[in-house]
Each structure stands twice: as C-alpha cells, then as structure tokens.
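# Examination of the molecular architecture
What follows is the residue order along each chain.
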Amino acid sequence: MADPVAVAKAFTDHYYQTFDTNRSGLATLYQNESMLTFEGQQFMGAQAILEKLTGLPFQSVQHRVVSLDAQPSMGGGLVVFVTGQLITDG
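Everything in this summary refers to the structure shown in the same document.

Quick notes on the rules
Residues numbered from 1 in each chain as written. Predicted model: local features only at pLDDT ≥ 70, side-chain atom pairs only at ≥ 80, totals over all residues. Heavy atoms only, no water. Salt bridge = Lys/Arg side-chain N within 4 Å of Asp/Glu carboxyl O. Helix = DSSP H or I, 4+ residues; strand = E, 2+ residues; numbered from the N terminus. Buried < 20%, exposed > 50% of the residue type's maximum accessible area, 1.4 Å probe, protein only. Pairing = 2+ DSSP bridges. Patch = residues over 30% accessible without salt bridge, like charges linked within 9 Å, V, L, I, M, F, W, Y side chains within 5 Å. Areas by Shrake-Rupley, 256 points an atom, 1.4 Å probe, with all protein chains shown as cover. Core = buried A, V, L, I, M, F, W, Y, C linked by side-chain atoms within 4.5 Å. Lys, Arg positive; Asp, Glu negative; His and termini not counted. Polar contact = N/O pair within 3.5 Å; in protein donor to acceptor, adjacent residues only side chain to side chain. Contact = heavy atoms within 4.5 Å.

With that settled, the discussion passes to the pattern of salt bridges. This model, assessed by the stated rule, comprises 1 salt bridge. In this structure, Asp 13 engages Lys 9 in a salt bridge whose closest nitrogen and oxygen atoms are separated by 2.8 Å. Of this pair, Asp 13 and Lys 9 are both found in helix H1 (residues 4–21), 4 residues apart, which corresponds to roughly one turn of the helix. Classification of Lys 9 by relative accessible area gives partly exposed; the value is 45%.

Further remarks concern the pairing of strand E3 (residues 61–72). Pairing of E3 with strand E4 (residues 78–88), which is carried by 11 bridges, proceeds in the antiparallel orientation. Bridge pairing links Val 61 to Thr 88 in E4. In textbook terms, the turn of a hairpin is the stretch between consecutive antiparallel strands, and for E3 and E4 this stretch comprises 5 residues, one of which, Gly 75, has a positive phi near 80°.

One can find Gly 40 in the loop between strand E1 (35–38) and strand E2 (41–44). For the pair Gly 40 and Val 5, spaced 35 residues apart in the sequence, the C-alpha separation amounts to 28 Å.

Moving on to a nonpolar patch on the surface. Together, Val 7, Leu 78 and Val 80 give the surface a local cluster of nonpolar side chains, amounting to about 190 Å² of exposed area. Locating Val 7 in the fold gives a position in helix H1. Owing to a relative accessible area of 38%, Val 7 belongs among the partly exposed residues under this scheme.

On to the nonpolar core. Soluble, globular proteins show a tendency: their nonpolar side chains are buried together. Grouped together as the largest cluster of nonpolar side chains are 13 residues, with contacts concentrated most on Tyr 15, Phe 19, Leu 26, Tyr 30, Ile 49 and Leu 53. Within the residue set of this core, elements represented by two or more residues are H1 and helix H2 (46–54). Broken down by element, this core gets its largest block of residues, 4 residues, from H2.

Of note, Arg 23 is situated in the loop between H1 and E1. For the buried residue Arg 23, which engages in no salt bridge, the nearest side chain bearing the opposite charge is Asp 89, 6.9 Å off. Only 2.9 Å separates the side chain of Arg 23 from the backbone oxygen of Leu 53, close enough to count as a polar contact. Those residues in contact with Arg 23, other than ones at most four positions away along the chain, are Thr 18, Leu 50, Leu 53, Thr 54, Leu 56, Phe 58 and Gln 59.

See below:
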C-alpha cells in the first residue's frame, strides 16, 4: 500500500499548481458526484464547481501549504487536511 501522506502531498502539489496556473485544468479532478463548499455555498458536480473556481474575482493566485495531514478512508480513498496561505493578486 502506498504511503497516504506521500499520495496526498503529490495530489495537493498537483491540485494547487494547476489551480494557480490554469484553473480550468482542474476539470478532470472532479466528477458529477463531487461537491465543493466555498464560503457557505455548495456547488454540486464538475461543471458547477469549475464555474465557481474559474469565476473567482482574482486574476493571480498562489497557494503556500503550511501543513498537510492525510489518513486512509473507507473505500480506498484518503481524507486530506491542508492549511496554508492563499495569496491573490500579489
């Protein structure tokens, strides 16, 4: 079995790099059953999530991960908790 923290770090690095450089490139990471909760609003499905993420009011963004914790979940998935900084438009 792969190390859950190593898998979570690789995924998180890929996700935030893509978010920071090409938000529409996140489309392949979401499914119709995916849900995003953002500032109290829920977005269901890949299309709704991508519309929200690509419509955010900032042009440039940079994520700085401070800590990452991961643990296996039922069904072979992972629960990942990330804390850090989000720097928008400089």
